[in-house]
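The chain contents come next:
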Amino acid sequence: MSRRRTSALVVAALLTVGLAGCSGGAAPTVRSAPTAPPKATTPAPRVPAGHAPTEAFAVGVRQLKLNRDGDRPLPVTLWYPAGGAAGGTPERSAPAATGRFPVVMFCHGLGARPEDYQLLLSRWAAAGFVVAAPKFPHTGTGGDGNPLDVLNQPADVSYALTQVLALDAKAGDPLRGRLDTERVAATGHSAGGVTTIGLFTAGRDERLDAGIVFAGAALGVGTAFAGTAAPQLFVHGEADEVVDYAAGKAVYDAVPWPKAMLSLPKGDHGRALLTDARALRVISDTTVEFLRWTLYGDAQAKDRLPADATRGDLATLDDHL
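Residues numbered from 1 in each chain as written. Predicted model: local features only at pLDDT ≥ 70, side-chain atom pairs only at ≥ 80, totals over all residues. Heavy atoms only, no water.

Please clarify how the sheet that holds strand β7 (residues 210–214) should be interpreted in this entry.
The strands that make up a sheet are held in pairs by hydrogen bonds between backbone atoms, and each pair lies either parallel or antiparallel. Read across the sheet, 10 strands follow the order β3-β1-β2-β5-β4-β6-β7-β8-β9-β10 without closing on themselves; strand pairing throughout is mixed. With one partner strand each, in any of the chains shown, β3 (91–92) and β10 (316–320) form the two edges of the open sheet. Bridge analysis of strand β6 (residues 179–189) against β7 gives five bridges, and the strand direction is parallel. Within β7, the residue paired with A186 across the bridge is G211. Those strands touched by helix α2 (residues 118–126) are β1 (58–68), β2 (72–82), β4 (101–107), β5 (130–134), β6 and β7, and its axis lies near 50 degrees from that of β2. Contacts from helix α4 (residues 191–198) reach β4, β6, β7 and β8 (232–237), with the element oriented near 135 degrees to β6. (Pairing = 2+ DSSP bridges. Helix = DSSP H or I, 4+ residues; strand = E, 2+ residues; numbered from the N terminus. Contact = heavy atoms within 4.5 Å. Axes fitted to C-alpha atoms, helices over the stretch in contact; angles between N-to-C directions.)

Help me out: how do you make sense of unusual backbone geometry in this one?
Glycine aside, a negative phi is what most residues show, and trans is what most peptide bonds show. Within the chain, D69 stands out as a residue other than glycine whose phi angle is a positive 65 degrees. Of note, D69 is situated in the loop between β1 and β2. A positive phi angle, near 55 degrees, is found at D313, a position not held by glycine. Locating D313 in the fold gives a position in the loop between α8 (299–309) and β10. Exposure remark for D313: the relative accessible area of 72% places this residue in the exposed category. (Buried < 20%, exposed > 50% of the residue type's maximum accessible area, 1.4 Å probe, protein only.)

What am I meant to see in the packing of aromatic side chains here?
Inspection of every chain in the model, using the stated rule, returns nine aromatic pairs. Taking 4.8 Å as the distance between ring centres and 55 degrees as the angle between the ring planes, the aromatic pair formed by F106 and Y117 counts as tilted. Here F106, found in strand β4, pairs with Y117, found in the loop between β4 and α2; they are 11 residues apart in sequence, far enough to count as distant. Exposure remark for Y117: the relative accessible area of 2% places this residue in the buried category. Geometrically, the ring pair formed by F290 and W293 is edge-to-face, given 6.3 Å between the ring centres and 70 degrees between the ring planes. In this pair, F290 and W293 are both assigned in helix α7 (residues 277–296), three residues apart and thus about one turn of the helix distant. Chaining the aromatic ring pairs together yields one cluster made of F106, Y117, W124 and F214. (Phe/Tyr/Trp six-rings, centres within 6.5 Å; stacked < 30°, edge-to-face > 60°.)

Please explain the pairing of β4 as it appears in this structure.
Regular strands have side chains that alternate between both faces of the sheet. The element β4 is largely enclosed, with a buried count of seven among its seven residues. Pairing geometry for β4 and β6, over six bridges, is parallel. Paired with F106 across the two strands is T187, which belongs to β6. The sheet contact formed by β4 and β5 spans three bridges and is parallel. The partner of V103 across the bridge, within β5, is V130.

Just to check I follow, could you spell out α7 for this structure?
An α-helical turn contains 3.6 residues, so a residue and the one three or four places further along point in the same direction. With 20 residues, α7 extends 27 Å from end C-alpha to end C-alpha; this agrees with the ideal 28 Å at 1.5 Å per step. For α7, the tally of buried residues reaches 17 of 20 residues, placing the bulk of the element in the interior. Taking the backbone nitrogen of R278 as reference, a side-chain oxygen 3.2 Å away marks D276 as the first, capping residue of α7. (Expected span 1.5 Å × (residues − 1). Polar contact = N/O pair within 3.5 Å; in protein donor to acceptor, adjacent residues only side chain to side chain.)

What is shown is where atoms sit, not what they do.
Here's what the structure looks like:
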């Protein structure tokens, strides 16, 4: 495939990745990029060895109203482990389960919203993670859909992460004492995958211990991965009609840290992640094991990851973890 065609498809990704489409509008200001990040390092992951919870949790859900700099509203949906019997739909404002849980930031695609990914994100919460998903002001549902604003979103995520982590010490907050603020990952789909990559390149947030990129590419954020080693998992459909598989693979190849790529031979841009129950199960199980390893330090989860990834012949795994 030619480089020109690959670039065109990546541009198309940022323009058409949304679930409901997007409309045009005046381009928002692209804020200044941060200073050059440090070079990437390649030591072993920094999360100490441990064990992830073995039980499934009930799931609670709540909203935070955030605003960066007064002109970037960032409502955040939180899914979190809750007390009570596991199973069923997430319960709004349910009491949090006992324990301290790692934090996973999630970034939606263009024209989408966090709730579109609830099937996956609630499974992460049930496995023992607090999932925080901001709705971006320009690229979320109801925004002007301008893809250039993706370049501002790594800073949005860092801001939202700071506010979420502060809940652990906030008097009276339901999540007070429930967040493991030293164990954090960033994840995202499509334009949100671009955002996630940016959090490990030009917009490196050193609080992040790991990343998961769903159908993402490096347009605008580059592949200069920086800072302390943070394992990465890429998930991409080989039949992706929006972000060419080769574009995602090129970013994956540039990662200098422990990494793996889950490839779905028949996977398109979003159905496997959003509506295909069989594929979603493989993606869910694989990502849960990856997060258990990278955020809880659970070596047994790492050992289980290849079998979960290739169950049912729906996917293959390139494993360099």
